[in-house]
Amino acid sequence: GNSVTQMEGPVTLSEEAFLTINCTYTATGYPSLFWYVQYPGEGLQLLLKATKADDKGSNKGFEATYRKETTSFHLEKGSVQVSDSAVYFCALTQGAGNKLTFGGGTRVLVKP
Amino acid sequence: DTAVSQTPKYLVTQMGNDKSIKCEQNLGHDTMYWYKQDSKKFLKIMFSYNNKELIINETVPNRFSPKSPDKAHLNLHINSLELGDSAVYFCASSQDSLAGGYEQYFGPGTRLTVT
């Protein structure tokens, strides 16, 4: 079946540092790929998505590129803020049902 | 207006009890979902309904019974609660589910604690 693997956290950074969270997936064909963010005590919000190979999703300074050749969808942000502290989930959907398969989540802590 | 709402936000109960969690969405979406998030933050789908019809049932114990009275509501009833049911339960909705790629909108979660 489908699966998503992302780097374990926590990732601790200083403000204005560069953030990368690695995500790779296993799926047949061409899944749609997502990054969701969960702020403390809240539900998940879509951060960005990409639905076909070489697409780049971007939002709020975050970017991720759908790489079919490496089955990856790494999340990057050039300059993080304290408000970016959250848990980030990489996920995919494929086929009928639109079921989200999640990675294990990566906790990011940004210190002032 | 809250797009996807869940009640209650917190639920503390004893083993063996029966409880329900309610979910409503006002986005006009056709598909709704229940996900379970365990203590390690791992998220896994439990059920999904499209226009009141069950389309995903992910090997969940039959003590869990979803009910969709209309396409804006998807409730989760749990019988004979066990310690292992303690988790955060998230409801979500999407425009459709005929194929993948639809964004899902999540509710704020219900933290269930079984003692």
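Bear in mind that the values here come from a model prediction, so they are computed numbers and not experimental data.

## Some points on the nonpolar core
Inference 1: Ranked by internal contacts, the top residues of the largest apolar core, which has 26 residues, are A:Leu19, A:Trp35, A:Leu48, A:Phe73, A:Leu75, A:Tyr88 and A:Val108.
Inference 2: Of all elements in the fold, only strand 2 (11-14), strand 3 (19-21), strand 4 (23-26), strand 5 (32-38), strand 6 (44-50), strand 8 (62-65), strand 10 (86-93) and strand 12 (106-111) of chain A reach the threshold of two or more residues within this core.
Inference 3: Sorting elements by how many residues they give to this core places strand 10 of chain A first, with four residues.
Inference 4: Apart from the residues within four sequence positions on either side, A:Phe73 is in contact with A:Cys23, A:Leu33, A:Phe34, A:Trp35, A:Leu48, A:Lys49, A:Ala50, A:Ala64, A:Thr65, A:Tyr66 and A:Cys90.
Inference 5: Counting 20 residues, the second-largest nonpolar core is a separate cluster that includes B:Phe64, B:Tyr89, B:Cys91 and B:Val114.

## Side note on the packing of aromatic side chains
Inference 1: Scanning the model with the defined rule gives twelve aromatic pairs over all chains in all.
Inference 2: Pairing A:Phe89 with A:Phe102 gives two aromatic rings, centres 5.9 Å apart and planes at 80 degrees, and the pair type is edge-to-face. Here A:Phe89 is found in strand 10, whereas its partner A:Phe102 is found in strand 11 (residues 101-102), with 13 residues between them in sequence.
Inference 3: The buried category is assigned to A:Phe89, whose relative accessible area is 0%.
Inference 4: Taken together, the aromatic side chains of A:Phe34, A:Tyr36, A:Phe89, A:Phe102, B:Tyr33, B:Tyr35, B:Phe90 and B:Phe106 make up a single cluster linked through ring pairs.
Inference 5: Of note, A:Lys68 hangs over the ring of A:Tyr30, and the distance from its end group to the ring centre comes to 4.5 Å.

What counts, and where the lines are drawn
- Residues numbered from 1 in each chain as written.
- Chains lettered and ligands numbered in written order.
- Predicted model: local features only at pLDDT ≥ 70, side-chain atom pairs only at ≥ 80, totals over all residues.
- Heavy atoms only, no water.
- Core = buried A, V, L, I, M, F, W, Y, C linked by side-chain atoms within 4.5 Å.
- Buried < 20%, exposed > 50% of the residue type's maximum accessible area, 1.4 Å probe, protein only.
- Helix = DSSP H or I, 4+ residues; strand = E, 2+ residues; numbered from the N terminus.
- Contact = heavy atoms within 4.5 Å.
- Phe/Tyr/Trp six-rings, centres within 6.5 Å; stacked < 30°, edge-to-face > 60°.
- Lys NZ or Arg CZ within 6 Å of the ring centre and 35° of its normal.

Everything listed here is a matter of coordinates, which is why it stays silent on function.
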